Amino acid sequence: MNTNSQVHAMIVAAGRGSRFGASVPKQYSILKGQTLLQLSVARLASSAYINDCLLVIAADDEIARTLDFALPIHYVFGGEERWQSVQAGLESIINVGANEADLVLIHDAARPAVSYIDIDNVIEAAMYEPYGAILATPVADTLKQAKQVKSTSISSPSFNDNAHIYAERTIDRTHMWQAQTPQVFRVGQLQRVLAYIAKNNLSITDEASAFEHLNLPIRLVNGSRQNIKLTYPDDATLLAAILNGQE
Ligand SMILES: Nc1ccn([C@@H]2O[C@H](COP(=O)(O)OP(=O)(O)OP(=O)(O)O)[C@@H](O)[C@H]2O)c(=O)n1
Ligand SMILES: C[C@](O)(CO)[C@H](O)COP(=O)(O)O
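Predicted, not measured: the structure shown is a model, and the values here were computed from it. (Residues numbered from 1 in each chain as written. Chains lettered and ligands numbered in written order. Predicted model: local features only at pLDDT ≥ 70, side-chain atom pairs only at ≥ 80, totals over all residues. Heavy atoms only, no water.)

*Asks:* Would you mind showing me how to read the layout of surface pockets here?
*Replies:* A water-sized probe rolled over the atoms picks out the places where empty space is left. In this structure, the largest pocket occupies an estimated 960 Å³ of space. Lining of the largest pocket is provided by 41 residues; of these, Arg-19, Arg-82, Asp-108, Thr-205 and Lys-229 occupy positions nearest its centre. Elements with a minimum of two residues in the lining of the largest pocket: β1 (7-13), α2 (82-95), β7 (132-138), β10 (177-186) and α5 (207-213). Top element by residues in the lining of the largest pocket is β10. It accounts for six residues. Partitioned by chemical class, the residues of the lining of the largest pocket number 16 nonpolar, 14 polar and eleven charged. Volume-wise, the second largest pocket comes out at about 510 Å³. As for the second largest pocket, its lining consists of 16 residues, and the residues nearest its centre are Arg-111, Thr-137, Gln-178, Ala-179 and Ile-228. Broken down by element, the lining of the second largest pocket gets its largest block of residues, four residues, from β10. (1 Å grid on protein atoms, 1.4 Å probe; cavity = no way out; pocket = protein on both sides within 12 Å on 5 of 7 lines; lining within 4 Å. Points joined across faces, edges and corners; volume = space filled by probe spheres on them. Helix = DSSP H or I, 4+ residues; strand = E, 2+ residues; numbered from the N terminus. Nonpolar A, V, L, I, M, F, W, Y, C, P; charged D, E, K, R; others polar.)

Quick look at the structure:
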């Protein structure tokens with residue numbers, strides 16, 4: 001196993017942040033005086049394995065290039081789906097000479113609280129893997145599978161008058177983990193599995209899923225529960241508290 005592979009880092013930042021609902025894409029929300037994107041680049045910069053970073057941005061992004069970053073930056077335009085943004089970034093990395101056995105690290109711009117320890121842990125784990133490794137954390141809460149039921153009773157004003165959500169069943173959480181980023185893969189292997197996703201018109205929400213479609217093993221590295229993704233409005237308060245606590 002090539003345990004001294006070069007690491008090519010990319011941050012995916014081409015999303016719209018629709019669930020967060022801000023006036024600008026959430027990666028440009030300000031916390032502790034910087035955008036989430038700048039904070040996430042700074043976290044990658046804390047790793048000795050990472051010396052520059054590819055930013056995958058939207059074609060109409062007018063903010064990224066106005067910002068200062070803690071690493072030398074290159075840019076590429078993303079796609080409609082997150083995995084297509086990753087694929088665009090990967091093709092750019094390959095086009096500038098990445099080897100098949102090199103490692104590519106993919107991180108969400110929306111996860112600025114990742115620790116350098118976790119970054120180095122997942123990189124070092126991937127160096128001993130033929131396909132890759134991702135940060136993840138065991139599910140802590142009881143998991144419910146939900147179902148929507150049209151309401152027949154007098155609806156409470158706080159509920160949608162047409163339907164309520166009910167618990168259908170509980171999912172055994174014994175072996176359930178929540179995936180995070182960074183996710184780190186062999187360049188050539190990620191290129192192959194994303195081509196499979198595209199060819200078969202499949203939908204995935206993380207790159208590890210593409211390997212799972214082909215029954216290829218991706219190692220889970222236990223990461224901090226502080227590595228949350230800014231997704232919904234009330235995540236901002238939690239993320240600010242986490243960042244303050246990490247000082
Ligand atoms: N087509 C896309 C979609 C998402 N992302 C990036 O992937 C990360 C995680 O995705 P998510 O949290 O879903 O971000 P958004 O897609 O922006 O959020 P939403 O689904 O609420 O619109 C974010 O940093 C986002 O910028 C991307 O680069 N390209
Ligand atoms: C990649 C990811 O952050 C792992 O949990 C997550 O899948 C991103 O999903 P999103 O719907 O694009 O936020």
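*Asks:* Would you mind showing me how to read the UniProt feature "site: Transition state stabilizer" (unreviewed entry) in the chain here?
*Replies:* Look at the UniProt record and you will see "site: Transition state stabilizer" (unreviewed entry) annotated at Arg-19 and Lys-26. Put simply, the named residues that line the largest pocket are Arg-19 and Lys-26. Inspection of the secondary structure puts Arg-19 in the loop between β1 and β2 (30-31). The class of Arg-19 is partly exposed, set by a relative accessible area of 48%. When sequence neighbours within four positions are dropped, the list of residues in contact with Lys-26 reads Gly-17, Phe-20, Leu-36, Ala-110, Lys-229, Leu-230 and Thr-231. (UniProt positions renumbered as here; feature names shortened; annotations may be inferred. Buried < 20%, exposed > 50% of the residue type's maximum accessible area, 1.4 Å probe, protein only. Contact = heavy atoms within 4.5 Å.)

*Asks:* For this particular structure, what's the right way to read the packing of α2 against helix α4 (residues 187-199)?
*Replies:* Two packed helices can be described by the angle between their axes and the distance between those axes. The N-to-C vectors of α2 and α4 enclose an angle of 140°; their axes lie 10 Å apart at closest approach. Relative to α4, α2 is oriented oblique. In terms of crossing hand, the pair formed by α2 and α4 is left-handed. Contact residues: α2 offers Trp-83, Val-86, Gln-87, Leu-90, Glu-91 and Ile-94, while α4 offers Val-187, Leu-190, Gln-191, Leu-194, Ala-195, Ile-197 and Ala-198. The residue inventory of the contact of α2 with α4, partitioned by class, reads ten nonpolar, two polar and one charged. (Axes fitted to C-alpha atoms, helices over the stretch in contact; angles between N-to-C directions. Parallel < 35°, antiparallel > 145°, perpendicular 65-115°, else oblique. Left-handed = near helix turned anticlockwise from the far one by under 90°.)

*Asks:* Whenever I open this one, helix α6 (residues 235-245) confuses me. Can you help?
*Replies:* Counting along an α-helix, one turn takes 3.6 residues, and residues three or four places apart therefore face a common direction. Along α6, the positions that sit buried rather than exposed are Asp-235, Leu-239, Ile-242 and Leu-243. Projected down its long axis, α6 shows its buried positions confined to an angular sector of 95°, all on one face. Exposed and facing more than 90 degrees away from the buried side of α6 are Thr-237 and Gly-245. Check the buried side of α6 and you find it contacts β2 and α1 (36-45). (Arc of directions from axis to C-beta.)

*Asks:* Would you take a moment to explain the UniProt feature "site: Positions MEP for the nucleophilic attack" (unreviewed entry) in the chain for this structure?
*Replies:* What UniProt calls "site: Positions MEP for the nucleophilic attack" (unreviewed entry) maps, in this numbering, to Arg-173 and Lys-229. For the largest pocket, the lining residues among the annotations just cited are Lys-229. Assessed through its relative accessible area of 37%, Arg-173 is described here as partly exposed. The residues contacting Arg-173, other than those within four sequence positions of it, are Val-139, Ala-140, Asp-141, Thr-142 and Leu-143. Within the structure, the side chain of Arg-173 is placed 3.5 Å from the backbone oxygen of Asp-141, a separation counted as a polar contact. (Polar contact = N/O pair within 3.5 Å; in protein donor to acceptor, adjacent residues only side chain to side chain.)

*Asks:* Looking at this structure, I do not really get the site of ligand 2. What am I missing?
*Replies:* In the vicinity of ligand 2, the contacting residues are Arg-19, Arg-82, Asp-108, Arg-111, Ala-179, Thr-181, Thr-205, Asp-206 and Lys-229. Asp-108 is positioned with one of its side-chain polar atoms (N or O) 2.6 Å from an oxygen atom of ligand 2. The contact in question runs from an oxygen atom of ligand 2 to an N or O atom on the backbone of Thr-205, over 2.7 Å. The fraction of the free accessible surface of ligand 2 (360 Å²) that becomes covered by protein chains is 78%. Judged by its atoms lying within 2 Å of the grid points, ligand 2 is housed in the largest pocket. Here the shell around ligand 2 is composed, by residue class, of one nonpolar, two polar and six charged. (Near = heavy atom within 4 Å. Areas by Shrake-Rupley, 256 points an atom, 1.4 Å probe, with all protein chains shown as cover. Sits in = over half its atoms within 2 Å of the grid points.)

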